[in-house]
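Residue-level listing of the chains:
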Amino acid sequence: MGKVILEVRELTTKYVTRFREDVYAVDHVSLKVEEGKSLGIAGESGCGKSTLALSLMGYYFPPLHYISGDIIIDGRNISGMKPDDVRKSILGREIAYIPQAAMNALNPTQKVIHFIEDVVQAHDPTKSKKEIYEMARTLFETVGLPASVLQKYSVELSGGMKQRTVIAVAVILGPKVLIADEPSSALDVTSQKMVIKMLRDLMESGFIKAMIFITHELPLLYNVTDDIMVMYAGQIVEKGTAREAVFDPLHPYAKGLMGSIIVPEEGLRSARLTAIPGVPPNLKNPPPGCRFADRCKYVRPECRVASVPMREVGEGRMYRCVLSEKELREAYQNG
Amino acid sequence: MAKRDQICLEARGLTKVFGFGRNRTVAVDHVDLTLYEGEVVSIVGESGSGKTTLAKILLGLINETEGEVYFQGKKRDIRSYRRKQEYWKNIQAIFQDPFSSYNIFNKIDTVLLDCIHMRGGRGLPHAQKVEMMAEACRFVNLKFEELTNKYPFELSGGQMQRLMIARIFLLKPKILVADEPTSMIDACSRATILDMLMQLRNEIGMTVIFITHDIGLAYYVSDTVYIMERGRFVESGSADKVILTPSHPYTKRLISDVPKIYEEWDLSTV
Amino acid sequence: MKHTLRQVFRSGKFLFGFSIFVGLLLIVIIYPLLVPDDPLRIIGQGTFFPPGIYVNTYDSVNAATKYTLNLPEADVRRIESRLKQEDRLAMREWLTAAGIPESEIDIEDTERLLTLWNNNFDPKKSIPGMTNARRNYFIRLNNALKGLATSGDLILASKQAESGTLEETGIIKDTDYVNVSEVANVRVLVLGTDNFGRDMLTELVTATRVSLQIGFVAGLIATLIGLTLGLLAGYVGGLVDDIIMFFTNLFTVIPGFVLLILISYSIGQEQRGAFTVATVIGFTSWVWTTRAVRAQVVSLRNRDHVNLSKLSGHSIPHIILHDILPYIASYVVMALILQISSGILAEAGLSILGLGPKTTEVPTLGLMMRWAMIYQAHIQGNWWAYLPVLVTIALITFSMNLMNTGLDQVFNPALRD
Amino acid sequence: MKGYWKYFLNKLGWFVITFIFAFVLNFTLPRLMPGDPVAAIVSRLAQGMSNATGVQAIYQQYAELFGTNRPMHEQFFIYVRNVFRGDFGFSFSQYPRPVAEVLGASIWWTIALQFPAILVGWIIGNTLGALAAYLKGGFDKVLMPVSIFVSNFPPFGMAVILLAVFGVTLKWFPIAGGYGFDLIPSFSWNFIWSVFVHYQLPFWSIVLIAIGGQAIGMRSMAIYELNADYVKFSRFMGIKDRKIIGYVFRNAMLPQITGLALSIGTMVGGALVAEIVFSYPGLGYTLMNGVMGQDYPLISAATLIITIMVLTANFVIEILYGIIDPRIKAAQSEQ
Amino acid sequence: MRNKLFFLLSMLAVFAMLLSACGTPTPAAPAQPTEAPAQPKPTEPPAQPAPTEAPALKPGDPLPRQETLYFNGLQWGPVVCWNPYSSNCNNAMALVAGDNARVTMFETPYLYNMLDGKQYPLLADGDYTWNAARTELTFKIKKAAKWSDGTPVTAEDVAYTWATHVKYNTGTGAGNKDYIEDIVALDPQTVVIKAKLDANGKAVNPLIVSAYVSSNYVIQKAWTQKLEQRTGGDAAKFLADTAEDVVFSGPYGPFYADETKVVLIRNDKYWGQDASMWGKLPAPKYLAHAIFKDNAAGFAAFKAGEVDVSQQFNANIQDLWLKEGLPVSTYLPDPPYGIGASLPTAFFNLNSHGLNLVAVRKAIAMAVDYDTIVANAMANQSATFKQVPRSLMNPTPGEQALYDHAAVKDLQWAGKDYEGAKKLLDEAGVVDTDGDGWREYEGKKLSYVATCPNGWSDWQAAIEIVAAAGKEIGIEITTNYPEWSVYQTVVTKSDAPLPAGYDIFMMWSAGAGPTMPWGRIRNLLSSEWIGQPSNWSGNWGQYKNERVDELIKAIPNETDEAKLKEMYTELVKIYLTEVPSFTLMYRPQNFHAVNESVWTNFPHQDDGTNPPVPPLNLIDGWSIAGLYNLTLVK
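Just so you know, the residues in each chain are numbered from 1, in the order the chain's sequence is written. Lettering for chains starts from A, numbering for ligands starts from 1, and both go in the order in which the items are written. The model is predicted, so local features are restricted to residues of pLDDT at least 70 and side-chain atom pairs to those at 80 or more, both for listing and for counting; the totals for chains, interfaces and linings are taken over all residues. Side-chain measures here rest on the full set of heavy atoms in the structure, leaving out hydrogens and waters.

Novice: Mind showing me how you'd approach the overall build of chain E here?
Specialist: The helix and strand tally for chain E stands at 18 helices and 24 strands. Radius of gyration: C-alpha atoms only; globule rule: 2.2 Å multiplied by the number of residues to the exponent 0.38. Against the globule reference of 26 Å for 634 residues, chain E gives a C-alpha radius of gyration of 27 Å, in line with a compact fold. Only protein chains enter the accessibility calculation, which uses a 1.4 Å probe. A residue is then buried if its area is under 20% of the maximum for its type, exposed if over 50%, and partly exposed in between. The 634 residues of chain E split such that 62% are buried. Expressed as a percentage of contacts within chain E between residues at least 6 apart in sequence, the contacts between residues at least 24 apart total 69%. The convention is simple: Lys and Arg are positive, Asp and Glu are negative, and His and the chain ends are not counted. Where a charge lies is defined by one atom per residue type, namely NZ (Lys), CZ (Arg), CG (Asp) and CD (Glu). Computing the positive centroid from 52 side-chain charges and the negative centroid from 69, chain E places the two 3 Å apart. Put simply, DSSP H or I for four residues or longer makes a helix, DSSP E for two residues or longer makes a strand, and each gets a number counted from the N terminus. Contacts are assigned to residue pairs that have any heavy atoms within 4.5 Å of one another.

See below:
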């Protein structure tokens, strides 16, 4: 087992809607990412995965609010730190974030290099523009982006280029952890592949130590990350290696999710896709027991009583269900 | 499944040009297309390839710049709005975004009621109309009683898209153009939608044109696949042939760039 | 729909604006029921009577009951009101100039000062260096002081019809009082009168109503034109769009207010009823609504629900009515609100320039402002003649803009805080 | 860049066409007004004249001189020919003064009053709006209603109130004229100071009203921008809030520039009232006098100048805006 | 680039705000240390110190307040030209020829004094004389009279001026050539005006001939020839010339003119210093007129002491001294504050249904509440009809003495006499027959439109009150205010009946002048105006009465005062009986209010001047004498 770069313990956050309603989108989430590993987070829209990505940064501004839990990056707990300290010494340096719609993540009226200057100087005001330019140019060339991009405005870049530029800017300070929230969902497949390649290269070259990759596209996740967690209604419901999670899911929801994967590969045409009826619960007032209970084929009375804890089966393998592994497998066998 | 005997819709040299002068862009470029009755055809292309434009031309929602469309052997004539209304009795659509497909100011059942009216049921007694709507809802696994008096925003995306299928169930068109009907739907609901579509196709024997960017999805649902790039069809044929043994470089690239789970996804080809 | 309304009424800004507006509306509706006077009736002979309670002198002199109040300070006040400190200083000035030694003049001793004055003042005497204005002042002062020293009773007399001789009919003592509630004729002029001698408050209320009507008519016309053209341009597109947009752009370049002046002048005052003015305003201010509606319609035209509506066999009018209009309704309502308030402002602006509605048919806020300014109320400090009008205009437009901002925040989620 | 040039020429062409239409309208509209301008001139001459034939002769003489006895289209072509020679003809109401001289004397006053006022109003309004969007809370809650209220005073209302308060009551500022009643224009400090002092009330009466509208617009834009993705990304890159606010305000302010062009369009109409209330010499008042005196050449020329001003302002701002805002430039070049 | 732009913008903003922050009150015009000139009584010999060359005004220096007299209300737009032949110069400070001609720059042979109705010599030397047949009028030119270029004013100038007026068909030429045959110079000093003669060999109108000498300027022959040469005989060019180089004889000359003001400067070599005329120079070195956009602005300046003499209608002028204690005064200390000299009149369109009935006309006139018109529309700046009973005369003592008051006493109504009016109507059989509250005549409801030009505020207010009177007596009167351009075109077309909408309409009547009240009566009542395509004179209601025409024709040639009085009394009687039109208010020739914070000794009632100086802004006719009386306030 490698060195743990990022550890999150029982992190709970909420966001407040404009009608002043609290939405508990991240509910006691714990996770660990080891050095050189990447963790994928999968889930339907509205399950809280994007909120989780934001919460992991340890830097909160409305409408997101921190409630409890710890975030430990490379042994340093950042959840107790002052926001300005987090901003100065953590953001961008220790942990970096690639937003969901990276297309709009660059200030439209600013050249890329000027933004990089602002980023670098926000952490190290002593750096000269020339140094920063050199630094940026080197980085861009390393990741396969032409240096000319630096002198451009975001509107002058294509979608894929923009996305890769955002990633390059995000890692300019050499953060340990990279949190990528659906970085490729708006791109065509080729650009998507380039983005994934770039992320993989960054990991492999050790430029970033660990990555959390969030997407609803399971085949992509399977190809990008080492481990996969499945999120449902603000909670983690399943965790395992990518292979386990995709081919041998335990939680009934994960099972359903994986059964709906469509890839252009032989056998697919004859495969029967699974479907899960119903809709996820409203996170403004989630049910007391298992949050999947209403949609679960195997639901039992005890599911609805109290919150269901995670069960650990084997190293790093976990799921959240009242049924044991055996019971589940039997149930799946019987259809 | 495909009967492959009767040509249902045929397009010859279909072209759509937007703008003029230097702003001229050719969205659809001399496309030929033959649809047989009862067949499921996928048109696969990336964003900007012109597939949605093509779908709208076939639907008669926008006018082609050049080329002809033959419907059931006859040249399609939709020059007046009245003729278009006739044409639309035979061809229907499901759109990508269920949230923008509904008029948010109308109650759900008006969508279904419109269909009954369109099929000449305007004069039917109310109870019969309700029964027809309830039947359509049952077909897509929705409870009509729960839907009446509801507004679209009170439904989930999956439910809305199912209701769209119910609509088709009532209209029973010859051709259905499904423009990315599942791309805005969560993975777990996707299967339901697709299953219902296929079931409907089987029941009323309509032809389905499936527009999608997801090559896997196209493979999953269709008999015939057309690959579209920059307004042109670059490759077409049976689903198995096109997906499993692509011949055109574009098709090859497209397939190789999609992440897979059984085969190795080769990142080195970027 | 209900949901939206609820949201709208949850917006503080909207609610505040709405309350002001409804308040104004209520006043406009209720006040004429309580005070059914003709707003244009000239009651005052003279211009700009200040706000206050007007007690009929004739009736108070002849009041049935007279009360005697012995108020020690009454005398002092009476003298003070007619002989102010500055008057005393002026008297000293005149007396000194007339050659009375300064040591003899004690301006604090009223009685002595008056005696001295009465003995010496001669209006014909010319004092070197004295302006005519000053001379007139002393003559007026002298007249005002008459009878001040002799604080006797006033005798009421009436003329005998035949002989023309005076006959004493009563005596008024300086301690006589009447109770205002017992005087037959008392008129409260909350805002005084205007230059025509009309009751400002009654006129203002009517003017507010008329201005609101003008605003509504102008706003409705502008919005209707804007909506129709916008819908046509946006939905039909093509050549129609090009033509409409060309004219829209053209009328953006020729400033609306200038056009308004030209047209108003051309129509001529005899034709300019309030409604005509409103119509003209409406016909010159549709440009922005057209643009906004067109932009909305263009984005809606290709929406799937419109396509679906077509596919469901609906006719184009049906589609416009059911699938386009409801979507732009909130914008149209907002545009209407803005048009109404700018219509009210435009009327006021035109009236100020003398191009407003006919002066005498109905009062409008602009016309009241115009007459107040022609009679120089703002320079003579007759604030009641113009300030309430301005505040009313500002309140109307303020309330409407607040409502608009409120609506904007409800319909444009990005603006919500 | 080529696309941009095309855009430029395209716009220019459009403006030229608009100009031609506006020119025709400017010529036609005043001449559609009822009444006979020559009769009005003759009325001035004829008062007290007891000889009827003499009056008729004078009438003929002026009708011939001004060409009002010719058909409209003939008048138009004569007008066009003269305008091309830079000759706007004689002013009817100030005959024998040429129109060019009449306008030349008034237009600079209007420009000198309006441009700075509009600019200052724009700047102050935008600053306040931005602050309101950023600071929110009390500032926003107090400032916004106040600026809405102030901006809802009709322009003449503001002028009258300023005049009554600062001119008549407090006597801080002179209330009439463009410069001291006892001065002869000259290039001296005394004169400039006098102009400046006379400038204050009309200036602020315009500025105060402009502020409100601009502040409201800016606030909306800034709130919209504050929710943009690049703000979130910049925050997570550890950039200081103050810097981010800088991005936001610049981006929000750029669209506001179009508001400037609009203000110039409404300038003359708005100025009219201020000019009359403060007896300020200017174009608005000249135009109004022209209307009242049915001075066709003066009205046509004045409206023409206004049209040119609006067109130029629109054109310049559209071009300038394109140059300083890369988003717009890109959009323009693509067209 | 962008940064610079923003920087620039913000700098501008900061600058503007800084400046406004220190926008402290204007320093008052610095008091001039110059010695105030001694103030001579008009009868005193010249006490003026020898005119020293005053130091020239340096650029930026204010006009010395103590040497400048400021006006308002005369000039409403920029000065266009200085051409005394043109009527279009819009130059109210220098060029207003007429009954009370402005004589700052150009001078008339005589000065008319509206207070006593006499003509006093200016350029002329002594009174003019008529020959026995009253066909030729002779006067002499003062020897001392000089042009501004130093050359003497001669009779030849007078003659040439007339010839030029006729040649170029100017207003003066066109207006007088029916009455004046020719003007000739007998010798350099002697002018003879030959009247046009009628068939009987009598002068057509000696009254108009004698008015010529106080109403028309004498213009230098040499300069006129120069102008003719320059314009090459083109009449339009001749009249359109701006005449910057004009030669004049008056005490002031052009100094400065722009959009905001016009300033005249004293000609210190003015010939009038000669003992044969004033014996001194007028007191102010500068006459300045600020051009305001409206009355309000002018009033504000007057109130602030920036204007000395105000010739505009300032409502509630008395508040300035009663409430604000300002050193402001008017000719009379109490209402009507000035001397009424014109009779704004409501005309009846005699062709309108029912208005051909005297009873209807008179009933309407009787019902009108004149007190309210005077109090509200005129803000009391008009005598009431109780103070000056209605006639055809001005309230000036001179005119009032011209008719027999007692003889018409019963005809003079005071207004607001609803009962009397109703009685009159009832007697005439004009009653409400269908019970709708409105009276009918010949079965048709009496319904009229009362009108006056839009924006003429006091007239509009008066017309409103006329309309209100109709309601009281059962005659429907609505109001309507067309724009002036439309109104004047309609009203002055006397060759056609007035169109609908002009039943009762307001127009002016002539003010004070040497031909008055004859000229006014002619304007109001003479049928000679009917049928003119462009009638600017009067009788717009188209009244026709042969007896009246006879009297109007006879008066100019009548010299017997008793007979004149008889004739005038008869005219008043007819006017008050037939009521073809009715006076709504009295209006002064000029509104005249003065702010005495710098200058004083303005003309006012009983100011001891002899002849009395009329309240006409000190630049019109005899009122210019007032300029020589002004003194500075200590």
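Novice: Quick question: what am I supposed to make of the overall build of chain A here?
Specialist: A tally of regular secondary structure across chain A gives 10 helices and 12 strands. Relative to the 2.2 N^0.38 estimate, which gives 20 Å for 335 residues, the radius of gyration of chain A is 21 Å and therefore close to what a compact globule would have. Its C-alpha atoms put chain A at 65 × 50 × 45 Å along the principal axes. Burial status across chain A gives 56% buried among its 335 residues. For chain A, the proportion of contacts with a sequence separation of at least 24, taken over those separated by at least 6, is 63%. For chain A, the exposed area adds up to about 13,300 Å²; of that, 50% sits on carbon and sulfur atoms. Averaging the positions of the 42 positive and the 40 negative side-chain charges in chain A gives two centres separated by 3 Å. For accessible areas, the Shrake-Rupley method is used with a probe of radius 1.4 Å. Any residue's cover is judged against the shown protein chains and nothing else.

Novice: Any chance you could explain helix H5 (residues 99–135) of chain D here in plain terms?
Specialist: Helical geometry: 3.6 residues make up each α-helical turn, so side chains three or four residues apart lie on a common side. Between its terminal C-alpha atoms H5(D) stretches 52 Å, which fits the 54 Å expected from 37 residues at 1.5 Å a residue. Remark: D:Lys136 follows H5(D) within two positions and exhibits a positive phi of approximately 50°. Expected span of a helix, by definition, is 1.5 Å for each gap between consecutive residues, and there is one gap fewer than residues.

Novice: So what exactly am I meant to see when it comes to the sheet that holds strand E5 (residues 74–75) of chain B here?
Specialist: Strands pair in a sheet through their backbones, by hydrogen bonds, and they do so in one of two ways: parallel or antiparallel. All names here are of chain B. Pairing between two strands requires that DSSP report at least two bridges joining them. If you walk across this open sheet you meet the four strands as E2-E1-E4-E5, and the pairing is antiparallel. Whereas interior strands pair on both sides, the edge strands pair on one side only; in this sheet they are strand E2 (25–36) and E5. Taken together, the five bridges between strand E1 (residues 7–18) and strand E4 (residues 66–71) define a ladder with antiparallel strand orientation. Counted as the bridge partner of Glu 10 is Tyr 70 from E4. Each of E1 and E2 is contacted by helix H1 (residues 51–59), which is oriented at about 120° to E1, the strand it contacts most. Every axis in this analysis is a line fitted to C-alpha atoms, fitted for helices over the stretch in contact. Angles between the N-to-C directions lie between 0 and 180 degrees.

Novice: How should the environment of A:Pro219 be read in this particular structure?
Specialist: Topologically, A:Pro219 is positioned in helix H7 (residues 218–224). Between the C-alpha atoms of A:Pro219 and A:Ser154, which are 65 residues apart in sequence, the distance is 30 Å. Among residues more than four places away in sequence, those in contact with A:Pro219 are A:Ile261, A:Ile262, A:Val263, B:Pro259, B:Lys260 and B:Ile261.

Novice: Explain the packing of aromatic side chains here, please?
Specialist: Aromatic ring pairs are defined here through the distance separating the ring centres and the angle between the ring planes. Ring pairs are drawn from Phe, Tyr and Trp, using the six-membered ring of Trp, whenever the two centres fall within 6.5 Å, and their geometry is named by plane angle: stacked under 30 degrees, edge-to-face over 60, tilted for the rest. What the rule picks out here adds up to 73 aromatic pairs over all chains. With 5.2 Å between their ring centres and 45° between their planes, E:Tyr85 and E:Phe238 make a pair best called tilted. Here the residue E:Tyr85 occupies a position in the loop between strand E1 (68–72) and strand E2 (110–113), and E:Phe238 occupies one in helix H6 (residues 235–240), the gap between them amounting to 153 residues. Linked through ring pairs, C:Phe246, C:Phe247, D:Trp14, D:Phe15, D:Phe21 and D:Phe315 together constitute an aromatic cluster. Lysine and arginine charges are scored as sitting over a ring when NZ or CZ, respectively, is within 6 Å of the ring centre and within 35 degrees of the ring normal. One cation-aromatic arrangement involves A:Lys255 over A:Tyr332; the distance from NZ or CZ to the ring centre is 4.9 Å. Over the face of the ring belonging to E:Trp130 we find E:Arg134, whose NZ or CZ atom lies 5.3 Å from the ring centre.

Novice: Just checking my understanding: could you explain H1(B) for this structure?
Specialist: In terms of burial, H1(B) is a largely internal element, eight of the nine residues being buried. Residues of H1(B) that are buried include every one of B:Lys51, B:Thr53, B:Leu54, B:Ala55, B:Lys56, B:Ile57, B:Leu58 and B:Leu59, and no others.

Novice: Can you walk me through the packing of helix H5 (residues 85–97) of chain C against helix H7 (residues 132–145) of chain C in this structure?
Specialist: Helix packing geometry: the angle between the two helix axes and the distance between the axes. Residues and elements named next belong to chain C. In contact at an axis separation of 11 Å, H5 and H7 are set at 115° when each is read in the N-to-C sense. Between H5 and H7 lies a crossing whose hand is left-handed. Across the interface between the two elements, Glu 86, Asp 87, Ala 90, Met 91, Glu 93 and Trp 94 from H5 touch Arg 134, Tyr 137, Phe 138, Leu 141 and Leu 145 from H7. Two helices that cross are described as forming a left-handed crossing if the nearer one is turned anticlockwise from the farther one by less than a right angle, and a right-handed crossing if clockwise.

Novice: Can you help me understand the confidence of the model for chain E in this one?
Specialist: The predicted structure's coordinates, where accompanied by low pLDDT, should not be read in detail. Residue and element names in this part refer to chain E. The pLDDT value expresses, per residue, how confident the predictor is, ranging between 0 and 100. Averaged over every residue, the pLDDT of chain E is 83; residues scoring 70 or more account for 91%. Under a pLDDT of 50 for its full length, residues 1–54 has, in the predicted model, 61 contacts with residues more than four places off or in other chains. As scored by the predictor, the complex reaches a pTM of 0.81 and an ipTM of 0.78.

Novice: Looking at this model, I keep getting lost on unusual backbone geometry. Mind explaining?
Specialist: What you tend to see is this: most non-glycine residues have negative phi, and most peptide bonds are trans. All names here are of chain E. Here the bond from Met 516 into Pro 517 is cis, since omega is 0°, no more than 30 degrees from zero. Within the element layout of this structure, Pro 517 appears in the loop between strand E19 (504–507) and helix H16 (518–525). Omega for the bond connecting Asn 610 with Pro 611 falls within 30 degrees of zero, at -5°, which places this linkage in the cis form. Structurally, Pro 611 is set in the loop between strand E23 (599–600) and strand E24 (631–632). Residues other than glycine seldom take positive phi values, yet Arg 134 does so here, at roughly 55°.

Novice: Any chance you could explain the packing of helix H12 (residues 287–301) of chain C against helix H14 (residues 316–352) of chain C here in plain terms?
Specialist: Residues and elements named next belong to chain C. Remark: H12 packs on H14, axes separated minimally by 10 Å, with the N-to-C direction vectors making an angle of 165°. One finds that H12 runs roughly antiparallel with respect to H14. At the point where H12 passes H14, the crossing takes the right-handed sense. Between H12 and H14, the residues in contact are Thr 289, Val 293, Gln 296, Val 297 and Leu 300 and Ile 324, Tyr 327, Ile 328, Tyr 331, Val 332, Ala 335 and Gln 339, respectively. Nonpolar residues are Ala, Val, Leu, Ile, Met, Phe, Trp, Tyr, Cys and Pro. Charged residues are Asp, Glu, Lys and Arg, and all others, Gly as well, are polar. Its residues placed into classes, the contact of H12 with H14 shows nine nonpolar, three polar and no charged. Small angles under 35 degrees read as roughly parallel and large ones over 145 as roughly antiparallel, with 65 to 115 read as roughly perpendicular and the rest as oblique.

Novice: What is the right way to read the sheet that holds strand E10 (residues 235–241) of chain A from this model?
Specialist: Residues and elements named next belong to chain A. Taking strand neighbours across the sheet as the criterion, the eight strands line up as E6-E7-E8-E3-E9-E10-E12-E11 in an open arrangement whose pairing is mixed. The two strands at the open ends of the sheet, each matched to only one other strand, are strand E6 (95–98) and strand E11 (311–312). Here strand E7 (residues 177–181) pairs with strand E8 (residues 210–215) via five bridges, running parallel. Counted as the bridge partner of Val 177 is Ala 210 from E8.

Novice: Where do I start with the environment of E:Thr231 in this structure?
Specialist: All names here are of chain E. Tracing the sequence through the fold places Thr 231 in helix H5 (residues 221–231). Expressed as a C-alpha distance, the spacing of Thr 231 and Asp 241, which sit 10 residues apart in the sequence, is 8.0 Å. In contact with Thr 231, other than residues within four places in its own chain, are Lys 237, Phe 238 and Asp 241.

Novice: What is the right way to read the state of the cysteines from this model?
Specialist: Chemically, a disulfide is nothing more than a covalent bond linking the sulfur atoms of two cysteines. Cysteine sulfur atoms are paired as a disulfide whenever they come within 2.5 Å of each other. Applying the stated criterion across every chain yields a total of one disulfide over all chains. Disulfide pairing places E:Cys81 opposite E:Cys89 at an S-S distance of 1.8 Å. Between E:Cys81 and E:Cys89 the sulfur-sulfur dihedral comes to about -95°; the bridge is accordingly left-handed. The structure places no disulfide on B:Cys137, whose sulfur is separated from the nearest cysteine sulfur, that of B:Cys115, by 11 Å. Assessed through its relative accessible area of 0%, B:Cys137 is described here as buried.

Novice: Honestly, the pattern of salt bridges in this entry has me stumped. Any pointers?
Specialist: A pair can form between side chains of opposite charge whenever their charged atoms are brought close. All names here are of chain A. For this analysis, a salt bridge means a side-chain nitrogen from Lys or Arg found within 4 Å of a carboxyl oxygen belonging to Asp or Glu. Under the criterion given, the structure shown has 69 salt bridges over all chains. Residue Lys 176 is joined to Asp 74 by a salt bridge in which the shortest nitrogen-to-oxygen separation is 3.4 Å. Residue Lys 176 is located in the loop between helix H5 (159–170) and E7, and its partner Asp 74 is located in the loop between strand E4 (64–73) and strand E5 (76–77); the two are separated by 102 residues in the primary sequence. Judged by its relative accessible area of 26%, Asp 74 falls in the partly exposed class. Lys 176 is the salt-bridge partner of Glu 94, the closest N and O atoms lying 3.0 Å from each other. Of this pair, Glu 94 sits in the loop between helix H2 (83–90) and E6 while Lys 176 sits in the loop between H5 and E7; the two residues are 82 residues apart in sequence, bridging distant segments of the chain.

Novice: Just to check I follow, could you spell out the pairing of strand E3 (residues 40–45) of chain B for this structure?
Specialist: Along any regular strand, the residues point their side chains to alternate faces of the sheet. Residues and elements named next belong to chain B. Burial within E3 is extensive, with six of its six residues counted as buried. Of the two faces of E3, the one holding Val 40, Ser 42 and Val 44 and the one holding Val 41, Ile 43 and Gly 45 are both buried throughout. Of the strand pairs in this sheet, E3 and strand E8 (residues 207–212) are connected by five bridges, and their pairing is parallel. Along E8, the bridge assignment pairs Val 40 with Val 208. Sheet topology places E3 next to strand E9 (residues 224–229); five bridges connect them, and they run parallel. Pairing of Ile 43 across the sheet is with Tyr 226, part of E9.

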